[in-house]
Amino acid sequence: MLLRGVLLAVQALQLAGALDLPAGSCTFEESTCDFDSVFAFLPWILNEEGHYIYVDTSFAKQGEKAVLLSSDLQAEEWSCLRLVYQITTSSGSASDSSRLNLYLRFEDESFDRLLWTAMEPSDSWLIASLDLQNSTKKFKILIEGVLGQGNTASIALFEIKMTTGYCLECDFEENHLCGFVNRWNPNVNWFVGGGTVRNSHSILPQDHTFQNEMGHYMYVDSVYIKHFQEVAQLISPMTTAPMSGCLSFYYQLQQGNDNVFSLYTRDMTGLYEEIWKMNSPGNPTWNLAEVEFSAPYPMEVIFEVAFNGPKGGYVALDDISFSPVHCQNQTELPFSALEASCDFEEDLCNFYQNKEGPGWNRVKVKPNMYRAGDHTSGLGYYLLANTKFTSQPGYIGRLYGPSLPGNLQYCLRFYYAIYGFFKMSDTLAVYIFEENHVVQEKIWSVLESPRGVWMQAEITFKKPMRTKVVFMSLCKSFWDCGLVALDDITMELGSCWSPENLPSTPGECTFEQDECAFTQERRNRSSWHRRRGETPTSYTGPKGDHTTGIIFEAMRGISIRSDIAIDDVKFQAGSCAEMEDVTEQSSGYSEDLNEVEY
């Protein structure tokens, strides 16, 4: 009877815990909670002893998938979604590993938004932390497991938890430590303190969260230091949504003169930036630190402690929190990358030119088979340099962008078209200028390009000082002058290139790597073919792709005018902007064929 009573009590506690789980969460103890396997795919199997669900190749083949779908959810406040998972694979089959994808399916949208993906196998449970920006729209969480090669490939989910708040925040009371990880060092590491842990002389009498000895915190101790400047790092989860505000935490230290306690950010390229450093030891109890923090693109926060020797004392950390409101006495507004973007439909936006000549002209042309219109809509305005009014030996046209703050990573995208030059080199180049117009660096230039075709360029850059982006067009001699067109300049914070393991968004494809999620019913001579450069049929097809050099072509029969090409397929939420109806399209000669409107 006593044993039966204990079992009933345990089951009651488990049921109470399940009932207390926030919406969008599940520990998979006895069920999949409000998540269901999608019938059209493989089922997720609940382990007989509970604790996790899985899918593996013991009952499925390579490439088959299992899909788990939540009930309707809503995140009216910023939320953090944590996923505890494990991917295993057969030895020697890592080249075709299993993949775990997480999507958000918003109401009134016909496609799913990929939020996160993983395919690295491991022999232990891993934690993914994903920020969900607040929204009034309802959505579902969709988790997709795609099995890889091998007889023992498997994907398992231990826990899904969705809570209000930022993924950077942590009080270190849960076993997963909010996704924070210690970078292992043979002599000095971050450990969990408090609770029932009693293994170091540096254990504090109480944590900051509960103000008692049972609460938990993180600490690093110098007792095992063997070398000068030993370093311990505690690394946060990578942010997955832009955020800016005040990052705060509580710390406590002993013998502050013999250790250096600093806070860094690190982006996906590995670039570090120090944003805080402890200058004075402070009180012997918990001290509050507030740091202005901006993460316009994915980055980690790293708490770093460096000791000078075994008598460097200890540093303790607790209650990391974030607020979108600036810290005290901080009123600077965050920089908006839209200030450095322009489609030139109305004016030059925040771009300008020196009074050294006509330079770039804002123009409009009538599109026809010999000359395309602007890139934005085909009917609007763009910039044109080296026109008949400015084609002269040694001519240089400079277009200056607005001032950009330093220590931020930028992604610059723009479209250009070249006409008439015999030599492409430096007909269009992009430079970084300092605030006082001193040239710093050439970061891009045309090497070779199809003529008369809108091409896209992407440049990622980061400088410590305030800078300006400058577009320069050069006409070296009278006999080798031509036209350079520029349109749709966009500036974004972060890198232009997504992580290599991030698949294309469903419904979007540039055809640079493959055909994405698009398929064909059959493949033969009349099928679509992925190409680079001009099409093989003479006198037909585009001169190059719309992105950087690849197209799809459909060859229909033997006529020399039978080719069709497509590129840059993209689906977006909402209705399309209305386009002006164009009925005057000429494939023959007319008097205004090359007319340019200034």
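Residues numbered from 1 in each chain as written. Predicted model: local features only at pLDDT ≥ 70, side-chain atom pairs only at ≥ 80, totals over all residues. Heavy atoms only, no water.

Asks: I would appreciate a short explanation of the sheet that holds strand β14 (residues 230–235) in the present structure.
Replies: Note: strands within a sheet are paired through backbone hydrogen bonds, in either parallel or antiparallel orientation. An order of β11-β14-β19-β16-β17 is seen for the 5 strands of this open sheet, with the pairing classed as antiparallel. Two strands lie at the open edges of the sheet, namely β11 (181–183) and β17 (272–277), each paired on one side alone. Geometrically, the sheet is characterised by an average inter-axis angle of 30° between neighbouring strands, direction not taken into account. Two strands pair when backbone bridges link them, and β11 and β14 are joined in this way by 3 bridges, in the antiparallel orientation. Opposite asparagine 182, over in β14, you have leucine 234 as the bridge partner. (Pairing = 2+ DSSP bridges. Helix = DSSP H or I, 4+ residues; strand = E, 2+ residues; numbered from the N terminus. Axes fitted to C-alpha atoms, helices over the stretch in contact; angles between N-to-C directions.)

Asks: What exactly am I supposed to notice about the environment of glutamine 440 here?
Replies: As for its position among the elements, glutamine 440 is in strand β26 (residues 439–445). Excluding residues that lie within four positions of it along the chain, glutamine 440 makes contacts with Ile432, Phe433, Glu434 and Met465. (Contact = heavy atoms within 4.5 Å.)

Asks: Would you explain the pattern of salt bridges in this entry?
Replies: Proximity of charged atoms lets side chains of opposite charge pair with each other. Counted according to the given criterion, the structure contains 10 salt bridges. Taking the shortest distance from any N to any O, the salt bridge between lysine 65 and glutamate 144 comes out at 3.0 Å. You can see lysine 65 sitting in strand β4 (residues 65–70) and its partner glutamate 144 sitting in strand β9 (residues 139–146), a full 79 residues away along the chain. Since its relative accessible area comes to 28%, lysine 65 is described here as partly exposed. Within the structure, one salt-bridge network assembled from shared partners comprises Glu109, Arg113 and Lys137. (Salt bridge = Lys/Arg side-chain N within 4 Å of Asp/Glu carboxyl O. Buried < 20%, exposed > 50% of the residue type's maximum accessible area, 1.4 Å probe, protein only.)

Asks: How do you make sense of the nonpolar core when you look at a structure like this?
Replies: Nonpolar side chains in soluble globular proteins tend to be buried together. Ranked by size, the top nonpolar core spans 74 residues in total, and within it Trp190, Phe249, Phe303, Phe414 and Phe471 carry the most contacts. If one sorts the elements of this core by residue count, strand β24 (residues 408–419) sits on top with 6 residues. Tryptophan 190 has contacts with Asn182, Met218, Tyr219, Val220, Ala232, Gln233, Leu234, Phe261, Phe303, Val305, Val315 and Leu317, leaving out every residue within four places of it along the chain. Counting 33 residues, the second largest nonpolar core, distinct from the first, contains Leu68, Leu81, Leu102 and Leu104. (Core = buried A, V, L, I, M, F, W, Y, C linked by side-chain atoms within 4.5 Å.)

Asks: Explanation requested: the packing of aromatic side chains in the structure shown.
Replies: Aromatic ring pairs are defined here through the distance separating the ring centres and the angle between the ring planes. For the coordinates displayed, the defined rule picks out 29 aromatic pairs. On the basis of an interplanar angle of 85° and a centroid distance of 5.1 Å, the ring pair of phenylalanine 249 and phenylalanine 303 is categorised as edge-to-face. Linking phenylalanine 249 in strand β15 (residues 243–253) with phenylalanine 303 in strand β19 (residues 299–307), this pair joins segments that are 54 residues apart in sequence. There is no split in this pair, since phenylalanine 249 and phenylalanine 303 are both buried. Aromatic pair tyrosine 264 and tyrosine 272: ring centres 6.0 Å apart, planes at 80°, arrangement edge-to-face. Residue class for tyrosine 272 comes out partly exposed when judged on its relative accessible area of 38%. Among the aromatic residues, ring-to-ring pairing joins Phe249, Tyr251, Phe261, Trp276 and Phe303 into one connected group. Across the ring face of tyrosine 381, the terminal group of arginine 362 is positioned such that the distance to the ring centre comes to 4.0 Å. (Phe/Tyr/Trp six-rings, centres within 6.5 Å; stacked < 30°, edge-to-face > 60°. Lys NZ or Arg CZ within 6 Å of the ring centre and 35° of its normal.)

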